[in-house]
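Topology and contacts: notes
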Amino acid sequence: MTSVSISKRLQKIARYCPQGARVADIGSDHALLASYLLVKGMASFVIAGELNEGPFQAAQKQIHTLQVKDRASVRKGNGLAVLQPGEADVICIAGMGGQLIVSILEAGKDKLEGVQRLILQPNVGEEAVRLWMIENDWQLIAESILQEDGVIYEILVAERGNPTLPYEGKERTQEELLRIGPFLWDEKSEVLQEKWLHEQEKWQKVIVQLNRSDKPEAAERIKEIEAEVNWMDEVIACLRTDKQ
């Protein structure tokens with residue numbers, strides 16, 4: 001079996017996979033994570049799901065190089081449609097928007113039977129994923145935030161349980177923590193600060209553009225964005241203060 005090199009982001013995701021689990025990676029990015037889990041002896045079986053023909057063929061080729069046909073399955077299909085109920089212990093969905101991840105989970109609810117853990121890495125829209133977890137009785141048990149090649153990623157890990165528990169007893173409201181991340185708020189890392197500084201800067205640029213507009217609705221929109229920027233300012237200040 002050959003070695004497999006994967007990104008720091010995928011390595012972090014891999015560390016959240018319980019030893020010996022059957023892991024389904026949906027939208028598998030050439031089956032790199034699935035291959036890594038097999039090579040490292042972390043997964044007992046992997047399923048790599050791809051929607052489009054090109055990535056599907058690439059995933060098949062990647063798995064074939066490992067010569068582990070009895071422990072891997074590459075399947076072409078939409079989201080969780082590639083799975084049978086009870087076939088996976090862990091489902092990973094990484095590298096796509098939060099709303100798309102939510103739509104995949106929602107459309108494939110019947111395939112979540114027997115699944116013990118979800119490992120989700122939205123590129124944007126983390127709030128939507130956390131909200132889906134609450135609405136569907138999945139308890140967030142861990143979060144990670146990391147930066148790689150100038151991009152900030154958040155990884156959300158959930159198991160069945162009490163979905164509101166991670167949000168209780170904090171100085172921030174549930175609504176705020178859905179945006180920030182309850183575990184990320186507790187950790188208050190420099191990467192989290194950087195994320196919100198970047199978000200704030202982005203909205204400040206929008207304000208500059210709107211100030212140049214003569215549209216009547218621009219002034220109202222500026223007020224809304226200013227309130228958002230002020231909220232971010234307060235969050236960033238708290239993150240900095242608590243780390244000192």
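Residues numbered from 1 in each chain as written. Predicted model: local features only at pLDDT ≥ 70, side-chain atom pairs only at ≥ 80, totals over all residues. Heavy atoms only, no water.

**Section: the overall build of the chain**
- When you go through the chain residue by residue, the secondary structure sums to nine helices and seven strands.
- Along the first, second and third principal axes, the C-alpha set of the chain runs to 60 × 40 × 35 Å.
- Considering only intrachain contacts with a sequence separation of at least 6, the fraction spanning at least 24 residues in the chain is 67%.
- Counting every atom, the chain has about 12100 Å² of accessible surface; 48% of that belongs to carbon and sulfur.
- Put simply, the chain has 29 plus and 38 minus side-chain charges, and the middle of one group is 6 Å from the middle of the other. (Helix = DSSP H or I, 4+ residues; strand = E, 2+ residues; numbered from the N terminus. Contact = heavy atoms within 4.5 Å. Areas by Shrake-Rupley, 256 points an atom, 1.4 Å probe, with all protein chains shown as cover. Lys, Arg positive; Asp, Glu negative; His and termini not counted. Charge placed at Lys NZ, Arg CZ, Asp CG, Glu CD.)

**Here we look at the layout of surface pockets**
- Here the largest pocket defines a volume of roughly 460 Å³.
- Taken together, 21 residues form the lining of the largest pocket, with Val 124, Glu 126, Lys 195, Glu 199 and Lys 202 sitting closest to its centre.
- Among the secondary structure elements, those contributing two or more residues to the lining of the largest pocket are helix H5 (126-135), strand S7 (151-160), helix H8 (190-211) and helix H9 (218-243).
- No other element matches H8, which puts seven residues into the lining of the largest pocket.
- Along the lines of polarity and charge, the residues of the lining of the largest pocket split into seven nonpolar, five polar and nine charged.
- Counting contributing residues per domain, the lining of the largest pocket is built from domain 1 (8-166) and domain 2 (191-242), each supplying no fewer than three.
- The space that makes up the second largest pocket amounts to roughly 200 Å³.
- Forming the walls of the second largest pocket are 13 residues, and the residues nearest its centre are Gly 27, Leu 51, Gly 79, Met 96 and Ile 104.
- Only strand S2 (43-50) and helix H4 (98-107) provide two or more residues apiece to the lining of the second largest pocket.
- Taken together, the residues of the lining of the second largest pocket sort by class into six nonpolar, six polar and one charged. (1 Å grid on protein atoms, 1.4 Å probe; cavity = no way out; pocket = protein on both sides within 12 Å on 5 of 7 lines; lining within 4 Å. Points joined across faces, edges and corners; volume = space filled by probe spheres on them. Nonpolar A, V, L, I, M, F, W, Y, C, P; charged D, E, K, R; others polar. Domains from an automatic or database assignment.)

**Thoughts on the domain arrangement of the chain**
- For the chain, the domain assignment lists domain 1 (8-166) and domain 2 (191-242).
- Both sides together, the interface formed by domain 1 and domain 2 hides about 430 Å², and carbon and sulfur atoms give 62% of it.
- For domain 1, the biggest contributors to the area lost against domain 2 are Ile 145, Gln 147 and Ile 152; these three give 77% of the whole.
- Our count for the contact surface shared by domain 1 and domain 2 stands at two salt bridges.
- There are two residue pairs in polar contact (both at pLDDT 80 or more) connecting domain 1 and domain 2.
- Those elements that place two or more of their residues in the side of domain 1 that touches domain 2 are strand S6 (138-148) and S7.
- Element by element, the count of residues in the side of domain 1 that touches domain 2 is highest for S6, at three residues.
- Of the residues that constitute the side of domain 1 that touches domain 2, the class distribution is three nonpolar, one polar and two charged. (Buried area = accessible area lost by both parts, 1.4 Å probe. Salt bridge = Lys/Arg side-chain N within 4 Å of Asp/Glu carboxyl O. Polar contact = N/O pair within 3.5 Å; in protein donor to acceptor, adjacent residues only side chain to side chain.)

**Quick word on the packing of H4 against H5**
- Close contact between H4 and H5 brings their axes to 7 Å; oriented N to C, the two are set at 25°. Classified by the angle their axes make, H4 and H5 are roughly parallel. Of the two possible hands of crossing, H4 and H5 adopt the one that is right-handed. On H5, the residues that touch Gly 98, Gln 99, Ile 101, Val 102, Leu 105 and Glu 106 of H4 are Ala 128, Val 129 and Trp 132. (Axes fitted to C-alpha atoms, helices over the stretch in contact; angles between N-to-C directions. Parallel < 35°, antiparallel > 145°, perpendicular 65-115°, else oblique. Left-handed = near helix turned anticlockwise from the far one by under 90°.)

**What to know about the pairing of S6**
- Judged by how many residues are buried, S6 sits mostly within the fold: nine of 11 residues are covered.
- In this sheet, S7 lies alongside S6 in antiparallel orientation, the contact comprising 10 bridges. Paired with Glu 143 across the strands is Leu 156, a residue of S7.
- Counted along the chain from S6 to the antiparallel partner S7, the turn is two residues long, and its residue Asp 149 has a positive phi close to 55°. (Buried < 20%, exposed > 50% of the residue type's maximum accessible area, 1.4 Å probe, protein only. Pairing = 2+ DSSP bridges.)

**What to know about the side chain of Ser 35**
- Relative to the helices and strands, Ser 35 resides in helix H2 (residues 32-39).
- Ser 35 sits in the buried class, given a relative accessible area of 0%.
- In terms of polar contacts, Ser 35 uses its side chain to reach the backbone carbonyl oxygen of Ala 31, at 2.7 Å.
- The contact partners of Ser 35, leaving out residues within four places of it in the chain, are Val 4, Gln 62, Ile 63 and Leu 66.

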